[in-house]
Amino acid sequence: MLPAVDSLVPEWLVVPDDPNDLADGVWPSSARRNADGVLDVAGVSATALAQTYGTPLLVLDEDEARGRARRFRTAFERAAAEHNTTAQVYYAGKAFLCTTVARWVVDEGLRVDVCTGGELAVALAAGVAPGTIGFHGNNKSVVELERAVEVGVGTIIVDSAIEIERLAAITARLDVRQRVLVRVISGVHAETHDFLATAHEDQKFGFPFAEAETAVARIRELPGLEFAGLHCHIGSQIFGVAGFRESASRVLDLHTTLLEGGAVPQLNLGGGFGIAYTRVDDPTPIDELAAGIVAAVAEGCAARGISVPALSFEPGRAIIGTAGVTIYEVGTTKDVTVESGQDRRYVSVDGGMSDNARPALYGAQYSARLASRAGTGAPQLSRVVGKHCESGDIVVDHEYLPNDLAPGDLLAVPATGAYCVSLASNYNHVPRPPVVAVRKGNSTVIVHGETIDDLLARDAGIDGASGSARHQ
Ligand code: LLP
């Protein structure tokens, strides 16, 4: 029996009736336990996946990702049509990008948002039409900008006065015209972890309103640039419509002022839509979000007597996050008595902060379940930790797992599709995991896992390592 008030347990974590259950909305909707109690995702068992590909392993449910992409597009398109405008949805590739995922989202009618030359290269390699790509970044290099303009990227979201001059020179040299949006800071602070909010005034992204007016005036006088409108992204993992409503209202003031000097055809409100990482997270349904945000923009336009611009949005996490499940193997367990009579079980897995840095970076909370079988033991307060030489190497800070969990069991962590593999590192020379897509009982590698040889290949001090050639 657990004590009634347990100081080791955060208030939001309740003892589950069944420590094998799979919370709705946290797992891909295809996730279930099969007749043997093994976790299945899209009809593929965790044990088969681990046997074929090893662990750790990121599994992506293709239909979950496609379904979410489709729901975002149709919800925003429908909401926009109700207010006599259009909406375009860009997939924010920073959440997770490889050619296969880029093709899934394009297939579902989305565009792709990239923020580096590397992400641009992946999108182009996937065959994404350059005209449907948006290019972000506060420090795009001249080489990156040249490449983007040369290949005909649809929109470049400009972030500084220096970038405007770089683009002026590039477009003049290439004798082309480039469509640009101007990223502004609305001052709205999304209710989220401080590191994730990108709309603070004291931060690196975008133009404050007063400077944005000057930037737009400059763009309008440059023959090589076509001013298409404003962009504003208020942060990440945001629930509800209120933050977007407030931000849109402020941006529409500037939008209205800019209309005095010429056309402002578009408004891009960025991404940041939250997902459920644990059962207590309650994200707003996509339809409701889209209807609420678009209605807020339409009301704001009506109040200012202007027509509703063409709208765009850039969800990343809300498309790919819930499609991902990471599978680890349990290596060791250790019971630590933290206070007298209060134990926490440390469950060490074969990955950690190298494949999911979010708990260490942001204090992000996740959940976990025994995947290779249904446990038979009572719920035991546990902390899932990685194999790295750092005490902050936590995968799941607080979870109840069956107390018969043992070395060799597989453990699954849901909602790891976004910002886990994309933020992965080789800390402690741990190779990065493979990514495997699952659909209708089949699995396919979509990103190869790294090997120790891959790591050694970059070490210029090893005879014959390709790294030495690479850096000459
Ligand atoms: N558009 C812009 C301009 C952005 O900066 C971002 C995210 C997005 C769209 C997509 O946001 P999403 O819908 O995925 O929340 N590494 C952090 C998140 C950083 C987000 C950066 N920008 C994390 O793991 O939570």
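For the structure given in this document, a descriptive report is provided here.

Observations regarding the packing of aromatic side chains
- Counted by the stated rule, this structure contains 6 aromatic pairs.
- For the pair phenylalanine 72 and phenylalanine 76, a centre-to-centre distance of 6.2 Å together with 15 degrees between the ring planes defines the contact as stacked. Highlighted residues: phenylalanine 72 and phenylalanine 76, both in helix H2 (residues 62-82), separated by 4 residues, approximately one helical turn. Side by side, phenylalanine 72 and phenylalanine 76 carry an identical accessibility label, which is buried.
- An angle of 35 degrees between the planes, with centres 5.5 Å apart, marks the rings of phenylalanine 72 and phenylalanine 273 as tilted. In this pair, phenylalanine 72 is assigned in helix H2 and phenylalanine 273 in the loop between strand S11 (266-268) and helix H9 (286-304), connecting sequence segments 201 residues apart. Summarising the burial analysis for this pair, phenylalanine 72 and phenylalanine 273 share the class buried.
- Every member of this aromatic cluster is reached through a ring pair, and the members are Phe72, Phe76, Phe244, Phe273 and Phe313.
- Of note, lysine 140 hangs over the ring of phenylalanine 135, and the distance from its end group to the ring centre comes to 5.9 Å.

Brief notes about the side chain of histidine 233
- Take histidine 233: it is sitting in the loop between strand S10 (225-231) and helix H8 (242-259).
- What makes histidine 233 buried here is its relative accessible area of 16%.
- A distance of 3.2 Å separates a polar atom in the side chain of histidine 233 from the backbone oxygen of glycine 235.
- At 3.1 Å, the side chain of histidine 233 and the backbone nitrogen of glycine 271 are in polar contact.

How each quantity is defined
Numbers given for residues are sequential positions, taken from 1 along each chain in its written order. A pLDDT threshold of at least 70 governs which residues receive local features in this predicted model, and a stricter bar of 80 or more applies before side-chain atom pairs are shown or counted, although totals over entire chains, interfaces and linings include all residues. The side-chain figures draw on all heavy atoms in the structure; neither hydrogens nor water molecules are used. Between the rings of Phe, Tyr and Trp (Trp by its six-membered ring), a pair exists once the centres lie within 6.5 Å; its type follows the angle of the planes, with under 30 degrees stacked, over 60 edge-to-face, and the other angles tilted. In this text, helices come from DSSP runs of H or I with a minimum length of four residues, and strands from runs of E with a minimum of two, each type numbered from the N-terminal end. Here's how the labels work: a residue is buried when its accessible area is under 20% of the maximum for its type, exposed when over 50%, partly exposed in between, all with a 1.4 Å probe on protein chains only. In this scheme, the term charge over a ring applies when either NZ of a lysine or CZ of an arginine sits within 6 Å of the ring centre and within 35 degrees of the ring normal. Identification of polar contacts relies on pairs of N or O atoms within 3.5 Å, with a donor-acceptor requirement for protein atoms, meaning one able to donate a hydrogen and the other able to accept it, and with residues adjacent in sequence counted only if both atoms are side-chain atoms.

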